[in-house]
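Here are the chains, one letter per residue:
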Amino acid sequence: MITETLRVSAEAPQADVMARAGELIRAGRLVAFPTETVYGLGANALDAQAVARIFEAKGRPANNPLIVHVTSINAARSLVTDWPTAAAELAQRFWPGPLTLVLPKRSNIPDIVTAGLGTVGLRVPANPIAGALIEAAGVPIAAPSANRSTRLSPTRAEHVQRDLDGGIDMILDGGPTAGGLESTVLDLTTTPPRLLRPGLVPPHALEAVVGPINRSAHSEEGAAMPAPGMLARHYAPRTPLECVECEAAGRVESLSRQGMRLGWLAFGNELSLIPPGVTVLVMPSEPVQYAARLYAALHELDAVGVDRIVVSLPPDTETWLAIRDRLRRAMHV
Ligand code: TXA
Ligand code: MG
């Protein structure tokens, strides 16, 4: 299969390109597209065969459900059997945006989309290219992140190409994604609502709308992960990666003295000691900018070809929750 990559303007997505991409989706094909979080790999959510192609292209285990993307609250409601007040309030506040709501699914969604679960994850993405694709296709779009299973999520079209070239039909290149980290996944079928995956919308912002939520699965102790497919090792670069809680400079120096070529995601003012042969990327000291940079930085270090990546962890506070979650899952040991 030849994968066609087309540049698209996020400000004004080209109508002819979007029409072709929409046709591909309707024909059961796979189109990668930018969202405000990461690139997604889209297929017609109402076509079980098309969705099966997503699992095949990604090498994704069949027990990991997909998020369905729509462009409006009404479209979301047409896919679920219940629309509780919490859903209405959260959708009103955060859609379009990086929040996925898990609700009881209607039977029009094929079982393969939800991995056989009775619930479906729904969101309205904020990137205009994503919205234009869903509109052009005229159907809801099931889309996981556009990477091989367990690998790093893509924040640029080149990352999608590196992982999936030849396995999918089209890549819409809308430039780097703004958010850089996946959506927050919140289960609304339980009381209180339960945080299944921390993401760009922090828990306190959800709580400001719906009151207390259950975030126990995401304590730093790392309890069992309730989102199916939230494998402990996930979102990982190819290069072995280790996280250091503080004072990583010592660790970098000692590994480097053992002759290892290192990549270092540094944080804050650690840069007095840089041994030769260490590729240092200084990460932003603020979570929104850090998230936007994280996957691209790890992709870069993979491309440089170092023996190991050392990450100086950001602080153990709630604004860093999603970032620390992904870094923990990126560790090889
Ligand atoms: O930002 C994002 O969410 C991106 C963009 C493309 O929208 N998508 C994404 O999809 O990250 P994926 O497939 O890589 O991750 C989806 C997560 C998985 O952890 C999955 O287990 C969870 O959402 N999920 C989806 N549907 C679910 C359901 N019905 N119940 C529980 N968890 C669900
Ligand atoms: Mg993913």
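Everything in this summary refers to the structure shown in the same document. (Residues numbered from 1 in each chain as written. Chains lettered and ligands numbered in written order. Predicted model: local features only at pLDDT ≥ 70, side-chain atom pairs only at ≥ 80, totals over all residues. Heavy atoms only, no water.)

### Structural notes on the sheet that holds strand β6 (residues 119–123)
Moving on, step 1. Across the sheet, 10 strands lie side by side as β1-β8-β2-β3-β7-β4-β6-β5-β9-β10; this open sheet has mixed pairing. Whereas interior strands pair on both sides, the edge strands pair on one side only; in this sheet they are β1 (4–7) and β10 (194–197).
Moving on, step 2. Direction of pairing for strand β5 (residues 99–104) relative to strand β9 (residues 184–187): parallel, over a ladder of 4 bridges. Paired with L99 across the two strands is T184, which belongs to β9.
Moving on, step 3. Strands in contact with helix α2 (residues 48–58) are β3 (39–44) and β7 (141–142); relative to β3, the strand with the most contacts, it is inclined by about 145 degrees.
Moving on, step 4. Packed on one face of the sheet, helix α5 (residues 128–137) meets β2 (31–34), β4 (67–69), β7 and β8 (170–173) and runs near 140 degrees to β2. (Pairing = 2+ DSSP bridges. Helix = DSSP H or I, 4+ residues; strand = E, 2+ residues; numbered from the N terminus. Contact = heavy atoms within 4.5 Å. Axes fitted to C-alpha atoms, helices over the stretch in contact; angles between N-to-C directions.)

### Some points on helix α7 (residues 203–210)
Moving on, step 1. Of all the residues in α7, the buried ones are P203, A205 and L206. The buried residues of α7 occupy an angular sector of 160 degrees when the element is viewed end-on, so they sit on one face.
Moving on, step 2. In this structure, the buried residues of α7 make contact with α4 (85–94), β5, β9, β10 and α10 (321–330).
Moving on, step 3. Downstream of α7 by one or two residues, G211 has phi in the positive range, about 80 degrees. (Buried < 20%, exposed > 50% of the residue type's maximum accessible area, 1.4 Å probe, protein only. Arc of directions from axis to C-beta.)

### So, the packing of aromatic side chains
Moving on, step 1. Tallied over the entire structure, the rule returns 4 aromatic pairs.
Moving on, step 2. Consider the rings of Y290 and W320, whose centres lie 5.3 Å apart with planes at 90 degrees: the pair is edge-to-face. One end of the pair, Y290, is in helix α9 (residues 287–304); the other, W320, is in the loop between β14 (308–312) and α10, with 30 residues separating them in the sequence.
Moving on, step 3. Residue classification places Y290 among the buried residues on the basis of a relative accessible area of 0%.
Moving on, step 4. With relative accessibility at 4%, the residue W320 sits in the buried group.
Moving on, step 5. An aromatic cluster of three or more residues is present, and its members are F267, Y290 and W320.
Moving on, step 6. The ring of Y235 has R326 sitting right over it, with the charged end atom 5.0 Å from the ring centre. (Phe/Tyr/Trp six-rings, centres within 6.5 Å; stacked < 30°, edge-to-face > 60°. Lys NZ or Arg CZ within 6 Å of the ring centre and 35° of its normal.)

### Describing the pairing of β3
Moving on, step 1. Most of β3 is tucked away: 6 of the 6 residues are buried.
Moving on, step 2. Counted between consecutive antiparallel strands, the loop separating β2 from β3 contains 4 residues.
Moving on, step 3. Here 2 bridges tie β3 to β7, and the two strands are oriented antiparallel to one another. Bridge pairing in β7 links A43 to A142.

### Topic: the nonpolar core
Moving on, step 1. Ranked by internal contacts, the top residues of the largest apolar core, which has 47 residues, are L41, W95, L99, L101 and I168.
Moving on, step 2. Of all elements in the fold, only β3, α2, α4, β5, β6, α6 (157–164) and α7 reach the threshold of two or more residues within this core.
Moving on, step 3. For I168, the contacting residues outside a window of four places in its chain are M1, I2, T3, L30, A32, L41, A57 and V160.
Moving on, step 4. In this structure, V38, I309, L313 and L327 belong to the second largest nonpolar core, which totals 26 residues. (Core = buried A, V, L, I, M, F, W, Y, C linked by side-chain atoms within 4.5 Å.)

### Focus: the pairing of β2
Moving on, step 1. Judged by which residues are buried, β2 turns out to be covered on both faces: V31 and F33 on one side and A32 and P34 on the other are all buried.
Moving on, step 2. Pairing of β2 with β3 involves 4 bridges; the strand directions are antiparallel. Its bridge partner being in β3, F33 is matched across the sheet by G40.
Moving on, step 3. Pairing of β2 with β8, which is carried by 2 bridges, proceeds in the parallel orientation. By the bridge assignment for β8, A32 is matched with I171.

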